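# Summary of structural features
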Amino acid sequence: MSVVTTSQPGIKTPGNYINDVMTLVKTKNPAEPEFHQAVQEVMESLRLVLDRHPEYISARILERITEPERVFMFRVPWFDDQGNIQINRGFRIQMNSAIGPYKGGLRFHPSVNLGILKFLAFEQVFKNSLTTLPMGGGKGGSDFDPKGKSDNEVMRFCQSFMTELCRHIGPDTDVPAGDIGVGGREIGFMFGQYKRIRNEFTGVLTGKGLNWGGSLIRPEATGYGCVYFAAEMLKSRKDSLDGKLCLVSGSGNVSQYTVEKLLDLGAKPLTFSDSDGAVYDPDGITREKLAWVMELKNAKRGRIREYTDQFKKAIFMPTDLKLGYNPLWNVKADCAFPSATQNEINAKDATNLINNGVTVVAEGANMPSTLEATKLFLEAKVLYGPAKAANAGGVATSGLEMSQNSARLSWTREEVDDRLHKIMIAIHKTCFETAETYGTPGNLVNGANIGGFLKVANAMLDQGLV
Ligand code: NDP
Ligand code: 2IT
């Protein structure tokens, strides 16, 4: 069933339509380069779709899918430990609810602004669609920096943030989770405040503690899922992760469990990083070293450079923006797992990776590669798993947490991990087959963008002009 719309004057061909939409997005969302970048990448893939589906043009699906359904921006006042008043800015973008309630993380980082959250919310729509689960797309957060704050300061901030956010979310409306700077501690404080204000114990957030509605494997899920996706990509070339040298950036949630699963599958992880720089351990990061990093980052909230004090053969490579490239991506290896933040791999980094023989890039972070870097990977026939496919295991397992909450039961570790693994295999299959169907075999960027888009676009057509 589709709704008849008036034909739009001035829209002649799919190519023209896409160019017009891109111009509109840039005009209506000035000074939001990350949002423009995310939209541009998807639009390039959709050029392949519109010839076959003119109904998306007449229903103006691209203008609609790039416009958030709703945006909240609010003041978050709180007292620091000295009794001083602090003011941060909070956001929630409710991007698209065509296939389910809004779902997506909250990011607490000083760089957070409207454009960064719009890019993340936009990506989330397609990612959530790929998971096979009924989840729409959203994202939120704040420019609050949890680094260096006491637990009490973080709690007061989270309570103030949720005092406003609680009006806009709910288990059937919008279900936030973690992202950069938001882990189990922050989810706990926000859940407590939501429950207190609304007097409801519901699955309003995911990434909850195991004793109060959380799911086993949710903390591990993004990293594990990304490695499962890399294994599927290698399988398509009759290869495996066994013995592969791997570069991992970041040292937070996604990075730690990427390293853990790489070790499970016989690979040799070599690096971790944070915003100060990267550590390279030529002997490889073992389970014992990983346990030490988890204690350092999660309990002590320390910095990754301390790794070289503990493990003497490792070297620390400080961040030096003047270099124009990140030395981490210039270490000789077979596979790369960017797991820190957006645009952490530029064209020079991509060239270094390719020249050093890297044949697999699986994106744990959201949009870690610039458009130029992505193009270089595709041209070099690198097995390139774009973020919205490769890191979808996190939100997929959030979807499994929602299912368990609705059923009021908990699945075992094995059951959740098995479902996660099957979902990642299914996402790879969708991307792989969709890329072939649309005439670009091996191009998982097209596969992910088109595969994620079709389900949402068709649901939008079914539901009329809303
Ligand atoms: P964490 O906060 O646990 O860790 C983030 C890591 O990335 C830290 O090591 C941090 O270093 C580093 N980092 C963050 N910002 C920057 C920056 N601007 N420059 C350099 N390093 C930076 O976050 P997550 O591990 O949860 O998230 C990492 C990435 O994975 C993000 O892109 C996120 O959107 C994505 N992601 C997360 C999912 C999840 O379930 N958590 C799901 C899917 C994707 P420092 O301490 O110095 O800031
Ligand atoms: O980017 C992401 O997919 C996440 N931060 C996880 C979102 C979620 O709802 O679990």
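So, here is what we can say about the structure in this document. Since we're looking at a predicted model, the values are computed, not measured.

## So, the layout of surface pockets
Of the pockets and cavities examined, the second largest pocket occupies roughly 460 Å³. Lining of the second largest pocket is provided by 24 residues; of these, Gly203, Met402, Gln404, Asn405 and Ser406 occupy positions nearest its centre. Ranked by residue count, the leading element in the lining of the second largest pocket is helix H15 (residues 393-407), at six residues. Its residues assigned to classes, the lining of the second largest pocket shows 11 nonpolar, 10 polar and three charged.

## Focus: the packing of helix H2 (residues 33-50) against helix H17 (residues 444-462)
The interhelical angle for the contact between H2 and H17, taken along N-to-C directions, is 75°, at an axis separation of 9 Å. Accordingly, the angle class assigned to the pair H2 and H17 is roughly perpendicular. Between H2 and H17, the residues in contact are Glu41, Val42, Ser45, Leu46, Leu48 and Val49 and Val445, Asn446, Asn449, Ile450, Phe453 and Leu454, respectively. Classifying every residue of the contact of H2 with H17 by side-chain character gives eight nonpolar, three polar and one charged.

## Description of the nonpolar core
If you look at the biggest cluster of nonpolar residues, it comprises 52 residues, and the most contacted ones within it are Phe229, Leu241, Leu262, Phe272, Phe337 and Ile427. Looking at which element gives the most residues to this core, the answer is helix H8 (residues 218-235), with 10 residues.

## Focus: the packing of aromatic side chains
Enumeration over the complete set of coordinates arrives at 19 aromatic pairs. Judged by centre distance (6.0 Å) and plane angle (85°), the rings of Phe35 and Phe122 are edge-to-face. One end of the pair, Phe35, is in helix H2; the other, Phe122, is in helix H5 (residues 114-130), and 87 residues separate them in sequence. Here Phe108 and Phe157 contribute two aromatic rings whose centre-to-centre distance is 5.1 Å and whose plane-to-plane angle is 90°, an arrangement assigned as edge-to-face. Highlighted residues: Phe108 in strand S3 (residues 102-108) and Phe157 in helix H6 (residues 151-165), separated in sequence by 49 residues. Judged by relative accessible area, Phe157 falls into the buried class, the value being 0%. An aromatic cluster is defined as three or more aromatic residues linked by ring pairs; in this entry it consists of Phe74, Trp78, Phe108, Phe144, Phe157 and Phe161. Sitting over the face of the ring of Phe144, Lys149 holds its NZ or CZ atom 5.3 Å from the ring centroid. Across from the ring centre of Phe311, 5.7 Å away, lies the NZ or CZ of Lys289, which sits over that ring.

## Concerning the environment of Asn352
Positionally, Asn352 belongs in helix H12 (residues 347-355). On the basis of relative accessibility, which here comes to 8%, the residue Asn352 falls in the buried class. Separated by 24 residues in the primary sequence, Asn352 and Leu328 have C-alpha atoms spaced 9.9 Å apart. Sequence-distant contacts of Asn352, defined by excluding residues within four places in its chain, comprise Tyr325, Trp329 and Asn330.

Thresholds applied
Residues numbered from 1 in each chain as written. Chains lettered and ligands numbered in written order. Predicted model: local features only at pLDDT ≥ 70, side-chain atom pairs only at ≥ 80, totals over all residues. Heavy atoms only, no water. 1 Å grid on protein atoms, 1.4 Å probe; cavity = no way out; pocket = protein on both sides within 12 Å on 5 of 7 lines; lining within 4 Å. Points joined across faces, edges and corners; volume = space filled by probe spheres on them. Helix = DSSP H or I, 4+ residues; strand = E, 2+ residues; numbered from the N terminus. Nonpolar A, V, L, I, M, F, W, Y, C, P; charged D, E, K, R; others polar. Axes fitted to C-alpha atoms, helices over the stretch in contact; angles between N-to-C directions. Parallel < 35°, antiparallel > 145°, perpendicular 65-115°, else oblique. Contact = heavy atoms within 4.5 Å. Core = buried A, V, L, I, M, F, W, Y, C linked by side-chain atoms within 4.5 Å. Buried < 20%, exposed > 50% of the residue type's maximum accessible area, 1.4 Å probe, protein only. Phe/Tyr/Trp six-rings, centres within 6.5 Å; stacked < 30°, edge-to-face > 60°. Lys NZ or Arg CZ within 6 Å of the ring centre and 35° of its normal.

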